[in-house]
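Residue strings, one per chain:
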Amino acid sequence: MTLSGKSRIAGILGWPVSHSLSPRVHGFWLREHGIDGAYIPLPVDPKNFAVAVRALPQLGFRGANVTVPHKEAAFRAVDVVDPMAERLGTVNTIVVTETGKLEGRSTDGYGFMENLYAAETGWRANSGAAMVLGAGGAARAVVAALLEAGVNEVRVSNRTCARAEAIASEFAHMAAGEITVVPWEACAVGLENAALLVNTTTLGMIGHPALYLPLGTLPLSATVMDIVYTPLETELLAAARARGNPVVDGLGMLLHQARAGFAAWFGVEPQVTADLRRFVLDDLEGPAA
Ligand code: ATR
């Protein structure tokens, strides 16, 4: 698409940013909808982040995504935040308002829930306990989203138990039901009667150690989700699929979280389609990946 002087511009601030799939996702939607606009990778060194992010309105940007390592700095830099960003202390989507203010949002939890519902595994918020592996930023977004959706028991297990305990005490007030910590060595116990298992750790990702988790205690009806998407089918998902559990891969979370920013910047509600997934996967699996 040739740009005009009226193009709508957004981008992604990260360091590094070259691995990001977001330019491809937004580029697909811009082309699909014939929008006079662009979504640009913006490699910004952390030492320059505060200046760079405040320059977005001056440069005419509609907004930007924010990725590692800037999500906390973005939370501090923006003028207003949405309730989820407030809860998590991180911002992954910035919208420049009509008056040039920076509005910070956190859309990872939204992307997680939308992906889970879109997979149509039969899972509902009232299906039963959810077991979450990990206690990093992704786990915090997932736990907050599950509690907000009304899940009455969320179990968190992490190698470093103190981080799981921190999530439990921080989000305890959000839960109408329970939020419990399961010792990492006793993960299998946390799978008992669970309706959902989510891996938010880096275990199973290409270049990282495998996730070794015997699934014997997990009900066969439980949905198993991995937020790792390199590889798309992790060992966890392969093992779950083999025993008959419904599975959901992690690519959809990335695609769904992107919808909110695109709609705000470019004025069109985009869809996550099989064509989009294929287009993004070509990049993940292709020779240049
Ligand atoms: P993010 O913010 O993307 O979630 P993170 O904060 O680095 O990333 O969290 C990575 C998660 O993977 C953590 O839960 C981490 O466990 P620790 O809190 O104990 O570090 C988990 N993780 C990474 N490598 C691991 C390993 N070898 N064994 C178990 N858990 C691991």
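The rules behind each value
Residues numbered from 1 in each chain as written. Predicted model: local features only at pLDDT ≥ 70, side-chain atom pairs only at ≥ 80, totals over all residues. Heavy atoms only, no water. Domains from an automatic or database assignment. Buried area = accessible area lost by both parts, 1.4 Å probe. Salt bridge = Lys/Arg side-chain N within 4 Å of Asp/Glu carboxyl O. Near = heavy atom within 4 Å. Polar contact = N/O pair within 3.5 Å; in protein donor to acceptor, adjacent residues only side chain to side chain. Areas by Shrake-Rupley, 256 points an atom, 1.4 Å probe, with all protein chains shown as cover. Pairing = 2+ DSSP bridges. Helix = DSSP H or I, 4+ residues; strand = E, 2+ residues; numbered from the N terminus. Contact = heavy atoms within 4.5 Å. Axes fitted to C-alpha atoms, helices over the stretch in contact; angles between N-to-C directions. Buried < 20%, exposed > 50% of the residue type's maximum accessible area, 1.4 Å probe, protein only. Phe/Tyr/Trp six-rings, centres within 6.5 Å; stacked < 30°, edge-to-face > 60°. Lys NZ or Arg CZ within 6 Å of the ring centre and 35° of its normal. Core = buried A, V, L, I, M, F, W, Y, C linked by side-chain atoms within 4.5 Å.

1. With respect to the domain arrangement of the protein chain
So, step 1. Domains assigned within the protein chain are domain 1 (8-107 + 258-285) and domain 2 (110-250).
So, step 2. Inter-centroid distance (C-alpha atoms) of domain 1 to domain 2 is 26 Å.
So, step 3. Here domain 1 and domain 2 share an interface that buries about 1,000 Å² over both sides, 56% of which is from carbon and sulfur atoms.
So, step 4. Two residues, R87 and E148, come together in a salt bridge whose shortest N-O distance is 2.9 Å.

2. Quick word on the site of the ligand
So, step 1. Lining the immediate environment of the ligand, one finds 13 residues, of which G137, N158, R159, T160 and R163 sit closest.
So, step 2. The separation between an oxygen atom of the ligand and a polar main-chain atom of A138 is 3.1 Å.
So, step 3. At 2.5 Å, a side-chain N or O of T160 approaches an oxygen atom of the ligand.
So, step 4. Coverage of the ligand by the protein chains reaches 69% of its 650 Å² of free accessible surface.

3. Points about the sheet that holds strand β3 (residues 61-66)
So, step 1. The six strands are arranged β2-β1-β3-β5-β6-β4 in an open sheet whose pairing can be described as mixed. Looking at which strands have only one partner, the edges of the open sheet turn out to be β2 (37-43) and β4 (80-81).
So, step 2. The sheet strands contacting helix α1 (residues 22-32) are β1 (8-14), β2 and β3, and the helix crosses β2 at an angle near 175 degrees.

4. Some details on the pattern of salt bridges
So, step 1. A complete count under the given rule lists 11 salt bridges for this structure.
So, step 2. Here D79 and R54 are joined by a salt bridge, their closest N and O atoms 3.3 Å apart. Residue D79 is located in the loop between α3 (71-77) and β4, and its partner R54 is located in helix α2 (residues 49-54); the two are separated by 25 residues in the primary sequence.
So, step 3. D79 gets classed as partly exposed once you look at its relative accessible area, which sits at 36%.
So, step 4. Between E114 and R259 there is a salt bridge, and its shortest N-O distance comes to 3.1 Å. Placement of the pair is E114 in helix α5 (residues 108-118) and R259 in helix α10 (residues 251-266), with a sequence separation of 145 residues.

5. Brief notes about the packing of aromatic side chains
So, step 1. Applying the stated criterion across every chain yields a total of six aromatic pairs.
So, step 2. Ring centres of F262 and F266 lie 4.8 Å apart, and the angle between their planes is 50 degrees; this geometry places the pair in the tilted category. Remark: F266 and F262 occur in helix α10; sequence separation between them is four residues, near one turn of the helix.
So, step 3. One aromatic cluster is present, built from ring pairs that chain together W29, Y39, F262, W265 and F266.
So, step 4. One Lys or Arg, R24, reaches over the ring of F279 and ends 3.9 Å from the middle of that ring.

6. Observations concerning α5
So, step 1. Considered for burial, the residues of α5 that qualify are D108, G109, G111, F112, M113, N115 and L116.
So, step 2. Buried residues along α5 sit in contact with α3, α6 (137-149), β10 (194-199), β11 (223-226), β12 (247-248) and α10.
So, step 3. Once α5 finishes, E120 follows within two positions and takes phi at roughly 50 degrees, a positive value.

7. Re the sheet that holds strand β7 (residues 129-133)
So, step 1. With respect to topology, six strands assemble into an open sheet ordered β9-β8-β7-β10-β11-β12, the strand pairing being parallel. The open sheet has two free edges, formed respectively by β9 (178-181) and β12, since each of these has just one partner strand.

8. Looking at the nonpolar core
Buried together is how nonpolar side chains tend to be arranged in soluble globular proteins.
So, step 1. Ranked by internal contacts, the top residues of the largest apolar core, which has 34 residues, are F112, W123, V143, L146 and F171.
So, step 2. The set of elements that each furnish at least two residues to this core consists of α4 (83-88), α5, β7, α6, β8 (153-157), α7 (161-171) and β10.
So, step 3. Per-element tally for this core: the top contributor is α6, with eight residues.
So, step 4. Among the nonpolar cores identified, the runner-up in size contains 21 residues, and W29, L251, L254 and L281 belong to it.

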